[in-house]
Amino acid sequence: MSQSIDATVEALIKPFADGLASFIFYEVPIAGIPVPWIVLWLAVAASFFTVYLGFLNVRAFPLAVKIIRGDYHDPDAPGEISHFRAVATAVSGTVGIGNIGGVAVAISIGGPGAALWLVVAGLLSMSTKLVECTLGVKYRRHNPDGSVSGGPMYYLEYWLSVRAWPKLGKALGAFYAASLMIGCLGIGNMFQSNQAYVQFVNISGGDQSFFADKGWLFGIGIAVLVGLVIIGGIRTIAGFAAKVVPAMALLYVVSALVIILLSYAEIPQALSLIVSTAFTWESATGGMIGAMIVGFQRALFSNEAGIGSASIAHSAVQTDEPASEGLVSLLEPFIDTVVICTLSSLVIVVTAFPNGLMDSGLEGIALTSAAFAHHVSWAPYPLAVAALLFAFSTAVSWSYYGLKACTYLMGEGAVVQNTFKFVFCGFLALGCMIQLESVLAFSDAMVFLIAVPNIIGLYLFAPEVKADVARFRQGIANGRITPYEAE
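In this report, the structure presented in the accompanying data block is examined. Keep in mind that this is a model prediction, so the values were computed, not measured.

## Considerations on the overall build of the protein chain
Point 1. Secondary structure assignment for the protein chain yields 22 helices and four strands.
Point 2. In terms of overall size, the protein chain behaves like a compact globule, its C-alpha atoms giving a radius of gyration of 22 Å where 487 residues would be expected to give roughly 23 Å.
Point 3. Each principal axis of the C-alpha atoms in the protein chain carries an extent, and together these give about 60 × 55 × 45 Å.
Point 4. Considering only intrachain contacts with a sequence separation of at least 6, the fraction spanning at least 24 residues in the protein chain is 83%.
Point 5. Of note, the protein chain has its 22 positive side-chain charges centred 10 Å away from the centre of its 30 negative side-chain charges.

Laid out in structure tokens, this is it:
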């Protein structure tokens, strides 16, 4: 029965998925190397905003840390969650399976030098995130029940509406919301539950696991668990993220550091190899392609900057100063790309390269797992637990993104919200039971498609965001804005 469902859905969706994917991921040759144009679109935007904002991604980093730790948090300000919980929710949506396996793919494509270009991509993307999250808060809407709704659909609509094109603005917002709602059911849902299922089977006995042929049972279980978290809305989701994100990040960071330190003799050579190969023509080109492709396509989620989805979570923050959340959002790509992906890179370069694992035929998360197991045979288990948590938390956050896209289209009513949550959980269970490659490809392309109008909107709003951030920073400098505890 499941095979017939697979075949029917694949036959129905495949022509649309192939057509859209061929457009979105159309490759443009640069120096003889094919690069998807959507990757260039996002990379150019990240570079532009970094320069245009005067490298605030570096200069404002200390202020971002002060804000996230609560120095300027006013619990009476409009919104639903703290700065820390907003970032935790967004990070839980961006840190996924790809942070473990996707890095291995990037290094396989570009060599050790890809590790350096991954860091460059993460640093540049911090600037894009600042712009879209500032706008997400600035143009959010406050609902009668005290909740808030924000994101690209609102600020894109606003820009056109105030210029006497309200219908066009609403249409553009609806296009973004519909695309995101479709996309969230694939890459933020079925893909995550499927990968979580695969990891769970691996650590519970592989082919001999009780769950090896019971994807339906695991799917129902993960759907119920996600449902219990998301039923309470953003406050429950953010509370979950505030506890789980630090725990899963700490688990992975400590595990990676242990493996790296066990290969301490290889560290100097590994760092030298990363730097030297990053700046040879072949490695620089391949490395950058690997970093950007893996960084912005489905598996990695290490940046998500330019897509605009994370601004939906940031929009729920309690603040009167939109720029404050924009600055806090700088930390998101730093955590999930610069920190976590760098550790994954170092594990592979100090372990897989000198011990011949790169020629073993392994790839993706299997290669990373083998690198962990080289020194400690049971190391893949905490790695698998981290991967499970990554997948689970990503699904939880994407449920909120999809929900806000749904309510933008259909209203904020309880029936609409509960129906969407039920459908979202249903797709989670489905992801563990059947393989719908075309559905995943279609949703993947839809998510990256919305980066086109979103980035255009960010360019148009750029002067406004620059002024807002400057005013906020000046307010802190001249004492107009003071730490909340001091008031």
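## A short note on a nonpolar patch on the surface
Point 1. Taken together, the side chains of Phe210, Trp216, Leu217, Ile220, Val224, Leu225, Leu228 and Met433 present a nonpolar region at the surface, about 790 Å² in accessible area.
Point 2. Mapped onto the secondary structure, Leu225 falls in helix α11 (residues 215-230).
Point 3. By relative accessible area, Leu225 is classed as partly exposed at 48%.

## So, helix α20 (residues 414-431)
Point 1. Compared with an ideal rise of 1.5 Å per residue, which puts 18 residues at 26 Å, α20 spans 26 Å between its outermost C-alpha atoms and is within 8% of the ideal.
Point 2. Along α20, the positions that sit buried rather than exposed are Val416, Gln417, Phe420, Lys421, Phe424, Cys425, Leu428, Ala429 and Gly431.
Point 3. Residues of α20 that are buried sit in contact with α9 (166-184), α10 (186-203), α11 and α19 (380-410).

## Concerning the environment of Ala462
Point 1. By the element assignment, Ala462 lies in helix α22 (residues 451-477).
Point 2. Along the backbone, Ala462 and Val253 are 209 residues apart, and their C-alpha atoms lie at a distance of 35 Å.

## Description of the environment of Ile67
Point 1. As for its placement among the helices and strands, Ile67 is situated in helix α4 (residues 61-68).
Point 2. In this structure the C-alpha to C-alpha distance between Ile67 and Gly96, which are 29 residues apart in sequence, comes to 25 Å.
Point 3. What Ile67 contacts, discounting residues up to four positions off in sequence, is Tyr72, His83, Ser324, Leu327, Val328 and Phe472.

## As for unusual backbone geometry
Point 1. Phi at Phe55 takes a positive value of approximately 60 degrees, unusual for a residue other than glycine.
Point 2. Take Phe55: it is sitting in the loop between α2 (37-52) and α3 (56-59).
Point 3. One non-glycine residue, Ala164, adopts positive backbone phi at about 70 degrees.
Point 4. Looking at where Ala164 falls in the secondary structure, it is placed in the loop between α8 (152-161) and α9.

## Concerning the pattern of salt bridges
Point 1. All told, the structure shown has ten salt bridges when counted by the stated rule.
Point 2. Among the ionic pairs, Glu80 bridges to Arg235, the shortest N-O distance being 3.2 Å. Residue Glu80 is found in the loop between α4 and α5 (83-94), and its partner Arg235 is found in helix α12 (residues 234-262); the two are separated by 155 residues along the sequence.
Point 3. In this structure, Glu464 and Lys138 form a salt bridge, with 2.8 Å as the shortest nitrogen-oxygen distance. Of this pair, Glu464 sits in helix α22 while Lys138 sits in helix α7 (residues 114-138), and the two are 326 residues apart along the sequence.
Point 4. Classification of Lys138 by relative accessible area gives partly exposed; the value is 30%.

## Quick look at the packing of α12 against α19
Point 1. In contact at an axis separation of 10 Å, α12 and α19 are set at 155 degrees when each is read in the N-to-C sense. In terms of axis orientation, α12 runs roughly antiparallel to α19. The handedness of the crossing between α12 and α19 is left-handed. Of the residues in α19, those touching α12 at Ile234, Ile237, Phe240, Val244, Met248, Leu251, Tyr252 and Ser255 are Pro382, Leu383, Val385, Ala386, Leu389, Phe390, Phe392, Ser393, Val396, Ser399 and Tyr400.
Point 2. The class makeup of the residues in the contact of α12 with α19 is 16 nonpolar, three polar and no charged.

## Digging into α22
Point 1. The largest bend along α22 reaches roughly 55 degrees and is located at Phe461, with the proline Pro463 sitting one to four residues downstream.
Point 2. Count one or two residues on from α22 and you reach Gly479, which has phi positive near 90 degrees.

## Points about the packing of α10 against helix α21 (residues 437-449)
Point 1. Between α10 and α21, the shortest axis-to-axis distance is 9 Å and the interhelical angle comes to 145 degrees. In this structure, α10 meets α21 at a crossing whose hand is left-handed. Contact with α10, carried on its side by Gly186, Ile187, Met190 and Phe191, involves Val439, Leu440, Ser443, Asp444 and Val447 of α21 and no other residues of that element.
Point 2. Here the residues of the contact of α10 with α21 are counted per class, giving six nonpolar, two polar and one charged.

## Some details on the environment of Ser311
Point 1. Within the secondary structure, Ser311 is located in helix α15 (residues 310-314).
Point 2. The exposure class of Ser311 is buried, given its relative accessible area of 0%.
Point 3. Residues Ser311 and Leu130, 181 residues apart in the sequence, show an inter-C-alpha distance of 9.2 Å.
Point 4. Excluding its chain neighbours within four sequence positions, the residues that come into contact with Ser311 are Glu132, Cys133, Gly136, Gly151, Pro152 and Tyr155.

## What about the state of the cysteines?
Throughout this description, disulfide means a covalent bond between two cysteine sulfur atoms.
Point 1. Scanning the model with the defined rule gives zero disulfides in all.
Point 2. Its sulfur unpaired, Cys133 is 18 Å from the next cysteine sulfur, which belongs to Cys341.
Point 3. Look at Cys133 and you get buried, because its relative accessible area is 0%.
Point 4. Left unpaired, Cys425 is separated from the closest cysteine sulfur, that of Cys184, by 11 Å.

Reading the values: the criteria
Residues numbered from 1 in each chain as written. Predicted model: local features only at pLDDT ≥ 70, side-chain atom pairs only at ≥ 80, totals over all residues. Heavy atoms only, no water. Helix = DSSP H or I, 4+ residues; strand = E, 2+ residues; numbered from the N terminus. Rg over C-alpha atoms; globule rule 2.2 N^0.38 Å. Contact = heavy atoms within 4.5 Å. Lys, Arg positive; Asp, Glu negative; His and termini not counted. Charge placed at Lys NZ, Arg CZ, Asp CG, Glu CD. Patch = residues over 30% accessible without salt bridge, like charges linked within 9 Å, V, L, I, M, F, W, Y side chains within 5 Å. Areas by Shrake-Rupley, 256 points an atom, 1.4 Å probe, with all protein chains shown as cover. Salt bridge = Lys/Arg side-chain N within 4 Å of Asp/Glu carboxyl O. Buried < 20%, exposed > 50% of the residue type's maximum accessible area, 1.4 Å probe, protein only. Expected span 1.5 Å × (residues − 1). Axes fitted to C-alpha atoms, helices over the stretch in contact; angles between N-to-C directions. Parallel < 35°, antiparallel > 145°, perpendicular 65-115°, else oblique. Left-handed = near helix turned anticlockwise from the far one by under 90°. Nonpolar A, V, L, I, M, F, W, Y, C, P; charged D, E, K, R; others polar. Bend = angle between axes of the 7 residues up to and from the residue. Disulfide = S-S within 2.5 Å.

These figures capture arrangement, not role.
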